[in-house]
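Listed below, chain by chain, are the residues.
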Amino acid sequence: MLVELTSFTLASVLIVLLPGPDSLVVVRGLVRGGRRGGASTAAGVLCGLVVWVGATALGLSALLQASEIGYDVLKIAGACYLTWIGVRSLLSVRRTAEEVATEGDGPMAPEPVPGGGAGFFAGFLTDLLNPKVGVFFVSFLPGFVPDSAWSVGWTTFALGAWYTVLTAVYFVGLIALSGTVATWMRSPRIRRRLDTLTGLVLVGFGVRLATEA
């Protein structure tokens, strides 16, 4: 079991470090809401992962993989959501430019995140509406379950929980490092560039998700 856990940890770290919609939406939360916005968005992503891990352990993700209609419906919903928040980021570039025109080019305060809800649900829905996450767990986790495991379901859940912990550690590091560039990120000029970049990439993720077989 130790060999499988070590191999799983190394593979998971590499996967977690790869940039994807989850990481990008957390960066967007940092840009728009500071550390609080980033932490709230990361919490939403992690809750989405927990849902997928539970579904995988119960075998529900395998049903999603087998159901072409269910997969396509969730895929289109996820693509529309990613595109929507990407477009919102692009539209915010114009608002930022208008604020600069009226208030000057000084540092901008982070936008308020009422109760953390906006950031949380952005992260949660980004993860939950991506069927590729469920299919990934169905394909990835079972390969690390040893034949000697006393319970395949519980071992799968434990591996998924460990993957979620590794993702949380990554997000904590990302949010901690954001403090060193917080003032830089609050510059209206940088803010516009980051909003434009994240908006375009999120729209790109949405289009790719919708068009992939």
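Note that the coordinates shown come from a computational prediction; the quantities given were computed from them, not determined experimentally. (Residues numbered from 1 in each chain as written. Predicted model: local features only at pLDDT ≥ 70, side-chain atom pairs only at ≥ 80, totals over all residues. Heavy atoms only, no water.)

Some points on the overall build of the chain
Thinking step 1. In terms of helices and strands, the chain carries nine helices and zero strands.
Thinking step 2. Secondary structure elements of the chain, listed N to C terminal, follow the sequence α-α-α-α-α-α-α-α-α.
Thinking step 3. Residues counted as buried form 45% of the 213 residues belonging to the chain.
Thinking step 4. Long-range pairs, those at least 24 residues apart, make up 85% of the contacts in the chain with a sequence separation of at least 6. (Helix = DSSP H or I, 4+ residues; strand = E, 2+ residues; numbered from the N terminus. Buried < 20%, exposed > 50% of the residue type's maximum accessible area, 1.4 Å probe, protein only. Contact = heavy atoms within 4.5 Å.)

Digging into the packing of aromatic side chains
Thinking step 1. Using the criterion set out here, one finds five aromatic pairs in the structure.
Thinking step 2. A ring pair is formed by Tyr170 and Phe171, whose centres lie 5.5 Å apart and whose planes are at 45 degrees; its orientation type is tilted.
Thinking step 3. Each residue in the set Phe120, Phe121 and Phe124 is aromatic and connected to the rest through ring pairs, giving one cluster. (Phe/Tyr/Trp six-rings, centres within 6.5 Å; stacked < 30°, edge-to-face > 60°.)

What to know about the confidence of the model for the chain
Thinking step 1. Summarising the model, the chain shows a mean pLDDT of 76, and 78% of its residues fall at 70 or more.
Thinking step 2. At the level of individual helices and strands, the chain shows its lowest average pLDDT in helix 8 (residues 182–185), which scores 58, and its highest in helix 7 (residues 152–178), which scores 89.
Thinking step 3. Scored below 50 in pLDDT, residues 103–117 makes 30 contacts in the model with residues more than four places away or belonging to other chains. (pLDDT = per-residue confidence, 0-100.)

Considerations on the nonpolar core
Thinking step 1. With 33 residues, the main nonpolar core has Phe8 and Phe137 as its most contacted residues.
Thinking step 2. Counting only elements with at least two residues in this core, the list comes to helix 1 (2–17), helix 2 (21–58), helix 4 (68–103), helix 6 (131–140), helix 7 and helix 9 (188–211).
Thinking step 3. Among the elements that make up this core, the one with the highest residue count is helix 2 (ten residues). (Core = buried A, V, L, I, M, F, W, Y, C linked by side-chain atoms within 4.5 Å.)

Things to note about the side chain of Arg28
Thinking step 1. Counting through the fold element by element, Arg28 comes out in helix 2.
Thinking step 2. Looking at Arg28, the relative accessible area reads 12%, which means it is buried.
Thinking step 3. Excluding residues that lie within four positions of it along the chain, Arg28 makes contacts with Ile85, Arg88, Ser89 and Leu202.

Overview of a nonpolar patch on the surface
Thinking step 1. Together, Leu5, Trp162, Val165 and Val169 make up a nonpolar patch on the protein surface, roughly 330 Å² of accessible area in all.
Thinking step 2. Among the elements that line the nonpolar patch, the one with the most residues is helix 7, at three residues.
Thinking step 3. One can find Val165 in helix 7.
Thinking step 4. Assessed through its relative accessible area of 40%, Val165 is described here as partly exposed. (Patch = residues over 30% accessible without salt bridge, like charges linked within 9 Å, V, L, I, M, F, W, Y side chains within 5 Å. Areas by Shrake-Rupley, 256 points an atom, 1.4 Å probe, with all protein chains shown as cover. Salt bridge = Lys/Arg side-chain N within 4 Å of Asp/Glu carboxyl O.)

Focus on the environment of Cys47
Thinking step 1. With respect to the secondary-structure elements, Cys47 resides in helix 2.
Thinking step 2. Note on Cys47: relative accessible area 33%, which makes it partly exposed.
Thinking step 3. Placed 74 residues apart in sequence, Cys47 and Phe121 show a C-alpha to C-alpha distance of 9.8 Å.
Thinking step 4. Apart from the residues lying within four places of it in its own chain, the contact partners of Cys47 are Phe120 and Phe124.

Quick look at helix 2
Thinking step 1. Along its 38 residues, helix 2 runs just 25 Å from first to last C-alpha, ending more than 12% under the 56 Å computed at 1.5 Å per residue.
Thinking step 2. Residue Gly33 marks the point of greatest curvature in helix 2, where the axis turns by about 145 degrees.
Thinking step 3. Extensive coverage of helix 2 is indicated by the burial of 28 of its 38 residues.
Thinking step 4. Where helix 2 terminates, the next one or two residues include Gly59, which has phi positive at roughly 90 degrees. (Expected span 1.5 Å × (residues − 1). Bend = angle between axes of the 7 residues up to and from the residue.)

Considerations on the packing of helix 2 against helix 7
Thinking step 1. Running from N to C, helix 2 and helix 7 cross one another at 175 degrees; their axes reach a closest spacing of 9 Å. Comparing their axes, helix 7 and helix 2 come out roughly antiparallel.
Thinking step 2. Class assignment of the residues belonging to the contact of helix 2 with helix 7 gives a composition of 20 nonpolar, ten polar and two charged. (Axes fitted to C-alpha atoms, helices over the stretch in contact; angles between N-to-C directions. Parallel < 35°, antiparallel > 145°, perpendicular 65-115°, else oblique. Nonpolar A, V, L, I, M, F, W, Y, C, P; charged D, E, K, R; others polar.)

So, the environment of Ala122
Thinking step 1. Note that Ala122 resides in helix 5 (residues 117–128).
Thinking step 2. Considering only alpha carbons, one finds Ala122 and Ile85, 37 residues apart in sequence, at a separation of 8.2 Å.
Thinking step 3. Excluding its chain neighbours within four sequence positions, the residues that come into contact with Ala122 are Val25 and Tyr81.

Observations regarding the environment of Val133
Thinking step 1. Examined against the element boundaries, Val133 turns out to sit in helix 6.
Thinking step 2. On a C-alpha basis, the gap between Val133 and Trp52 in space is 7.3 Å, while along the polypeptide they are 81 residues apart.
Thinking step 3. If we skip the residues at most four places from it in the chain, Val133 touches Leu49, Trp52 and Asp127.

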